[in-house]
Amino acid sequence: MKENSWSSRQTSTWRNKVGLAEMLKGGVIMDVTNADQAKIAEDAGAAAVMALERVPADIRAQGGVARMSDPSKIIEIQKCVSIPVMAKCRIGHFVEAQILEALKVDFIDESEVLTPADDRFHVEKHGFSVPFVCGCRNLGEALRRIGEGAAMIRTKGEAGTGNIIEAVRHMRSVMDGIRRLTVLPPEELMSEAKELGAPYDLIVEIAQTGKLPVPNFSAGGVATPADAALMMQLGAESVFVGSGIFKSDNPQKRAKAIVEAVTYFKDAAKLAEISKDLGTPMTGISMEELEEKDLLATRGW
Amino acid sequence: MPMIGVLALQGDYEKHALMLELLGAGTLQVREPADLARVDALVIPGGESTTIGKLMAAYELLEPMRNRIAGGMPVFGTCAGLILLAAQTKENHQHRLGVLDISVQRNAYGRQVDSFEADIHIPAIGEKPFRAVFIRAPMVTEMRDSVITLAEFENKPVLMQKENILAGSFHPELTEDTRVHAYFLKMVAERGR
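Residues numbered from 1 in each chain as written. Chains lettered and ligands numbered in written order. Predicted model: local features only at pLDDT ≥ 70, side-chain atom pairs only at ≥ 80, totals over all residues. Heavy atoms only, no water.

Quick notes on the overall build of chain A
- Broken down by element type, chain A carries 13 helices and nine strands.
- Taken over the C-alpha trace, chain A has a radius of gyration of 19 Å; the compact-globule value for 301 residues is 19 Å, and the two agree within 12%.
- With the principal axes as the frame, chain A shows a C-alpha extent of 60 × 55 × 45 Å.
- Split into buried and exposed, the 301 residues of chain A put 59% on the buried side.
- Long-range contacts, defined here as pairs at least 24 residues apart, represent 67% of the contacts in chain A between residues at least 6 apart.
- For chain A, the accessible area works out to roughly 12000 Å², and carbon and sulfur atoms hold 51% of it.
- Computing the positive centroid from 36 side-chain charges and the negative centroid from 42, chain A places the two 2 Å apart. (Helix = DSSP H or I, 4+ residues; strand = E, 2+ residues; numbered from the N terminus. Rg over C-alpha atoms; globule rule 2.2 N^0.38 Å. Buried < 20%, exposed > 50% of the residue type's maximum accessible area, 1.4 Å probe, protein only. Contact = heavy atoms within 4.5 Å. Areas by Shrake-Rupley, 256 points an atom, 1.4 Å probe, with all protein chains shown as cover. Lys, Arg positive; Asp, Glu negative; His and termini not counted. Charge placed at Lys NZ, Arg CZ, Asp CG, Glu CD.)

This is how it looks when you write it as structure tokens:
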């Protein structure tokens with residue numbers, strides 16, 4: 001009998017989970033609500049799509065409880081594109097996560113854009129075979145989510161506003177937090193872990209490597225190619241775009257432009273070319289117009 | 001010292017660059033034809049092949065890349081890179097180089113929940129098994145005789161070579177094992193001689 005020259009498959013390893021996040025680097029993940037939008041996103045060069053029922057701008061406008069999408073919507077989108085399909089579950093709603101896993105979505109976003117299901121705890125993510133992405137506003141929040149098993153982190157920004165200021169604030173906060181750790185003497189790291197509310201071993205690791213142990217993407221408020229390139233120059237490794245594409249004048253053109261801007265994020269001459277004649281972006285909301293209760297980014301613990 | 005280009009349109013290009021630098025090679029991120037002219041070899045990374053292919057077409061990289069490869073420049077594609085090198089894919093409308101005589105089916109090993117790792121045997125790099133990481137991997141369904149199989153998994157080729165072209169359906173750049181990249185650098189050195 002011929003002996004096999006290979007071993008059996010081992011699935012759902014940490015390396016597999018983080019590996020898919022690595023493959024999405026330098027790309028754009030676009031929110032889509034149906035098969036037509038998913039096709040537009042794929043044709044524009046999206047690296048993945050996020051299947052959801054309403055884009056954040058509509059969730060904000062319509063109010064009420066925002067939940068996981070109808071499975072038939074997700075299946076419809078999975079059928080029409082070949083790129084990875086992600087979907088959102090509510091913070092702490094591990095049954096929505098179980099359902100998304102049964103649907104074989106490629107990534108689960110435990111997202112503050114939906115109404116939280118648990119006001120104290122997030123989903124324990126290590127136990128799932130599907131990788132998770134979670135939002136954060138600062139380094140402590142990022143490391144708590146990684147500690148729970150998130151294989152990708154995205155800064156939250158303020159979804160559905162078309163306003164980049166919160167995304168910038170959160171990315172700067174995470175990057176400053178990382179830079180700070182790299183210059184602290186070792187004896188200060190335990191107290192730093194306590195103050196950040198973050199696992200000590202992750203703090204020690206980042207103090208040595210100067211980077212998060214999983215890819216760090218940006219989300220919440222990207223409306224233009226320049227916004228996307230700004231987030232990349234600030235240290236994002238990829239960009240999520242929610243309402244910014246399908247709430248604009250010309251989604252096809254804008255989607256393609258944002259994809260190109262993420263690749264050529266350091267090339268201002270190309271960015272100028274890419275930014276031409278895209279039509280009107282989404283209107284957007286200034287932060288002063290929002291009350292504390294309207295903020296999505298403060299959801300998550 | 002040869003300069004190895006890493007196609008940096010989308011995907012895990014930084015992981016490839018880190019591994020090549022660990023082996024002492026110089027690297028350059030390639031985003032436009034002028035970059036391509038400055039490198040002695042090219043790595044096409046993992047990522048989304050549709051995204052990378054569209055950007056290659058939009059930024060006029062397809063023809064210069066085909067010309068360099070036809071002229072003997074060593075090229076190494078992993079996962080999406082393999083798809084972009086392949087002559088045939090099930091979705092034939094996809095932009096790609098089409099320089100390697102293989103047929104590929106995208107995502108044939110399944111969705112992300114079916115992504116896996118396994119030990120494979122690659123005689124060309126030594127006895128020790130290689131831990132291969134497959135992520136929504138493409139399957140090579142057919143191969144012309146002129147293409148040599150360097151490794152297989154479940155009776156399908158997963159690492160193959162035709163002259164100056166090396167292609168794999170898994171991700172050596174996601175491991176600590178540098179032997180496949182070292183093999184590629186050896187191809188580059190032999191070509192320079």
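Some remarks on the side chain of Gln-112 of chain B
- Along the chain, Gln-112 of chain B turns up in the loop between β6 (100-105) and β7 (116-120).
- Since its relative accessible area comes to 2%, Gln-112 of chain B is described here as buried.
- Apart from the residues lying within four places of it in its own chain, the contact partners of Gln-112 of chain B are Asn-16, Lys-17, Leu-20, Asp-106 and Pro-131 of chain A together with Ile-135 and Arg-136 of chain B.

Notes on the sheet that holds strand β5 (residues 86-89) of chain B
Residue and element names in this part refer to chain B.
- One open sheet accounts for three strands, arranged β5-β6-β9; its pairing is mixed. Whereas interior strands pair on both sides, the edge strands pair on one side only; in this sheet they are β5 and β9 (139-143). Mean inter-strand twist for the sheet, computed between neighbouring axes without regard to direction, equals 35 degrees.
- Relative to β9, β6 is paired through four bridges, and the arrangement is antiparallel. Its bridge partner lying in β9, Val-104 is registered against Val-140. (Pairing = 2+ DSSP bridges. Axes fitted to C-alpha atoms, helices over the stretch in contact; angles between N-to-C directions.)

Some points on helix α3 (residues 49-58) of chain B
- Burial analysis of α3 of chain B places seven of its ten residues in the buried class, which makes it a mostly covered element.
- Among the residues of α3 of chain B, those classed as buried are Ser-49, Thr-50, Thr-51, Ile-52, Gly-53, Leu-55 and Met-56 of chain B.
- Structurally, α3 of chain B contributes buried residues whose contacts are with α12 (251-263) of chain A together with β1 (3-7), α4 (62-70) and α5 (80-85) of chain B.
- Downstream of α3 of chain B by one or two residues, Glu-60 of chain B has phi in the positive range, about 55 degrees.

Regarding a nonpolar patch on the surface
- A surface patch of nonpolar side chains, about 250 Å² in accessible area, is lined by Phe-94, Val-95 and Ile-99 of chain A.
- Locating Val-95 of chain A in the fold gives a position in helix α5 (residues 94-102). (Patch = residues over 30% accessible without salt bridge, like charges linked within 9 Å, V, L, I, M, F, W, Y side chains within 5 Å. Salt bridge = Lys/Arg side-chain N within 4 Å of Asp/Glu carboxyl O.)

Section: the sheet that holds strand β11 (residues 156-162) of chain B
All names here are of chain B.
- Read from one edge to the other, the open sheet built from seven strands follows the order β2-β1-β3-β4-β12-β11-β10, with strand pairing classed as mixed. The sheet is open, and its two edges are formed by β2 (26-30) and β10 (148-153), each paired on a single side. Adjacent strand axes in the sheet meet at a mean angle of 20 degrees when their direction is disregarded.
- The sheet contact formed by β10 and β11 spans five bridges and is antiparallel. Bridge pairing in β11 links Ile-148 to Gln-161.

Re unusual backbone geometry
All names here are of chain A.
- Even without a glycine there, the phi angle at Lys-104 is positive, about 60 degrees.
- In this structure, Lys-104 sits in the loop between α5 and β5 (107-111).
- Look at Asp-277: it is not a glycine, yet its phi comes out positive at around 50 degrees.
- Within the secondary structure, Asp-277 sits in the segment after α13 (268-274).
- Owing to a relative accessible area of 62%, Asp-277 belongs among the exposed residues under this scheme.

Some words on the interface of chain B and chain A
- Each side of the interface is counted separately: chain B has 45 residues, and chain A has 45 residues.
- Each partner contributes to the roughly 3800 Å² buried at the junction of chain B and chain A, and carbon and sulfur atoms together form 50% of this total.
- Joining chain B to chain A, the criterion identifies seven salt bridges.
- Salt-bridge contacts for Asp-106 of chain A lead to Arg-136 of chain B; the nearest nitrogen and oxygen are separated by 3.0 Å.
- The interface formed by chain B and chain A holds 28 residue pairs in polar contact (both at pLDDT 80 or more) in total.
- The set of elements that each furnish at least two residues to the side of chain B that touches chain A consists of α1 (13-22), α3, β7, β8 (130-134) and β10 of chain B.
- Taken together, the residues of the side of chain B that touches chain A sort by class into 15 nonpolar, 13 polar and 17 charged.
- For strand β1 (residues 10-11) of chain A and β7 of chain B, the ladder comprises two bridges, and the chain directions are antiparallel. (Buried area = accessible area lost by both parts, 1.4 Å probe. Polar contact = N/O pair within 3.5 Å; in protein donor to acceptor, adjacent residues only side chain to side chain. Nonpolar A, V, L, I, M, F, W, Y, C, P; charged D, E, K, R; others polar.)

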